[in-house]
Amino acid sequence: MTITSYPFDDQAVTESQFSQLFREFADSGVAASALSNSFSVSADGTSMSVRVQPGFAVLRGHAVLSTAVEPLSLASAGNSIRYDRIVLRLDPAANAITLAVVQGASGGELPALTQTETNIYELPLATVKVGAGVTVITSAAVTPDRRFVGTSVGTWDTATRPASPRLGKLGLNRDIGWEFWDGASWTPLVASVSWSSLTGKPSAFAPSAHTHTWSQISDAPSTMPPTAHSHSWSQVTGTPDTYPPSAHSHSWTSITGRPSTFPPTPHSHAGYLTSGGTISWANGSKKPHANHVSGSGTYYAVWVEGDGTFARNTSSRRFKQNIRDIQIDPADVLALRPRIYDRKPKTEGEDYRRDEYGLIAEEVHEHLPQIVNVDEAGRIDGIRYDLLGVALLPVVQDQERRIAALEARIEELAA
């Protein structure tokens, strides 16, 4: 037989049939107001456990009633955050609905619930965030996640409204129309609207685009001489596409898009170059072999400091202190290696100087660091070639002593 009907007297009705029947009357969820504590979950606050309040719920047509606060223990925390879920678990094979913990994976996402049609069905109550290494579940770690059974739709009038409605209770009030319980009062489902209660309405309405026939215009004149008037540019026909500019000028402030700085073009300066001191080409620095000396009547060598400041090279005792003899090993001077090299170009493709004679600062530093310059970053940078002659004096003096000793020895052997 393909048609089955139930329940009737003297008829065996199965668990599955009752479950299917009751599912048509109520969704799975907590059978209480959303504002109640029924099956609500809170942190124990002293251990790795939570507490579940008493309540009544329906799962897939099966009912569960809890009459006391139930504690639930969670597994110890790991090295990463995990998320556990507190659920009501329907197990038809065990003929029971129980509280359970669905443990998430360490460092993973929220675990999935088992919600089958005729087997295990889990109804969520709360989500618990288990921090890495924690030993106590706090209230901040618990997030409510309860579901509630559906609310039936009723019919009444103002005098016969339900006495203790649940949040969201919906019904047709025959006096005023559809309304629902918002937890504190009955609220119209569709509020009445009057022109005075509308917000944001315009104070006036501009007429929409429309036309009138000439016959609809009253008091129209028979002729209309044109009065002084103007036209917008869009109303003018036959306008040229472009206009050659007439002779005019602009102030600097009226020019847009001008650069904030201008790189100098190749040029020269006559006169003086000043940076911490004064260098005058006219005073012989450019062609000392052809020009006379003015001013103090003395030529000076020029030093350039690391910041670009020019200074004359002085040697008078007036500018020196702590004067003492130096000890330079002639062997260190004789160890210097004259080199020939090419200068690197400043930019790619630029011509550069080739076959230049000189010394390598790093090689000189190994023997005479006193005449090697370093930059602000402490890197070897240049050589004080003006001090190289001073370093050569001990070599010359040593050779002079050796020559004198050899000459004296020769004279002694000749006698």
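What you are looking at is a predicted structure, and each value in this text was computed from that prediction instead of being measured.

(A) Here's a closer look at the packing of aromatic side chains. Tallying each qualifying case throughout the model produces four aromatic pairs. Centroid distance Trp156 to Trp186: 5.2 Å. Interplanar angle 55°. Geometry classified as tilted. In this pair, Trp156 sits in strand S11 (residues 153-156) while Trp186 sits in strand S14 (residues 186-188), placing the two residues 30 residues apart along the sequence. Each member of the pair, Trp156 as well as Trp186, carries the same accessibility label: buried. By the ring-pair criterion, three or more aromatic residues cluster together here, those being Trp156, Trp181 and Trp186. Across the ring face of Trp195, the terminal group of Lys201 is positioned such that the distance to the ring centre comes to 5.7 Å.

(B) Here's a closer look at the sheet that holds strand S4 (residues 55-59). Taken in spatial order, the three strands of this open sheet run S1-S4-S5, and their pairing is antiparallel. The sheet terminates laterally at strand S1 (29-30) and strand S5 (62-66), the two strands that pair on one side only. As paired elements, S4 and S5 share five bridges and run antiparallel to each other. Across the sheet, Ala57 pairs through a bridge with Val64, a residue of S5.

(C) Summary view of the sheet that holds strand S8 (residues 96-102). Pairing is antiparallel across the open sheet formed by four strands, whose spatial order is S8-S7-S9-S10. Looking at the sheet topology across the chains shown, the edges are occupied by S8 and strand S10 (142-144). The average angle at which neighbouring strand axes cross in this sheet is 20°, direction not considered. Bridge count between strand S9 (residues 121-130) and S10: three bridges; the pairing is antiparallel. Residue pairing for S10: Ala126 is matched across the bridge by Pro144.

(D) Representation of the pattern of salt bridges within the structure. What the rule picks out here adds up to 14 salt bridges. Here Glu356 makes a salt bridge to Arg343, at a shortest N to O gap of 2.9 Å. In this pair, Glu356 sits in strand S20 (residues 356-358) while Arg343 sits in the loop between strand S19 (339-341) and S20, placing the two residues 13 residues apart along the sequence. Looking at Arg343, the relative accessible area reads 45%, which means it is partly exposed. Arg401 is the salt-bridge partner of Asp398, the closest N and O atoms lying 3.7 Å from each other. Of this pair, Asp398 and Arg401 both sit in helix H4 (residues 385-414), three residues apart, which is roughly one turn of the helix.

What counts, and where the lines are drawn
Residues numbered from 1 in each chain as written. Predicted model: local features only at pLDDT ≥ 70, side-chain atom pairs only at ≥ 80, totals over all residues. Heavy atoms only, no water. Phe/Tyr/Trp six-rings, centres within 6.5 Å; stacked < 30°, edge-to-face > 60°. Helix = DSSP H or I, 4+ residues; strand = E, 2+ residues; numbered from the N terminus. Buried < 20%, exposed > 50% of the residue type's maximum accessible area, 1.4 Å probe, protein only. Lys NZ or Arg CZ within 6 Å of the ring centre and 35° of its normal. Pairing = 2+ DSSP bridges. Axes fitted to C-alpha atoms, helices over the stretch in contact; angles between N-to-C directions. Salt bridge = Lys/Arg side-chain N within 4 Å of Asp/Glu carboxyl O.

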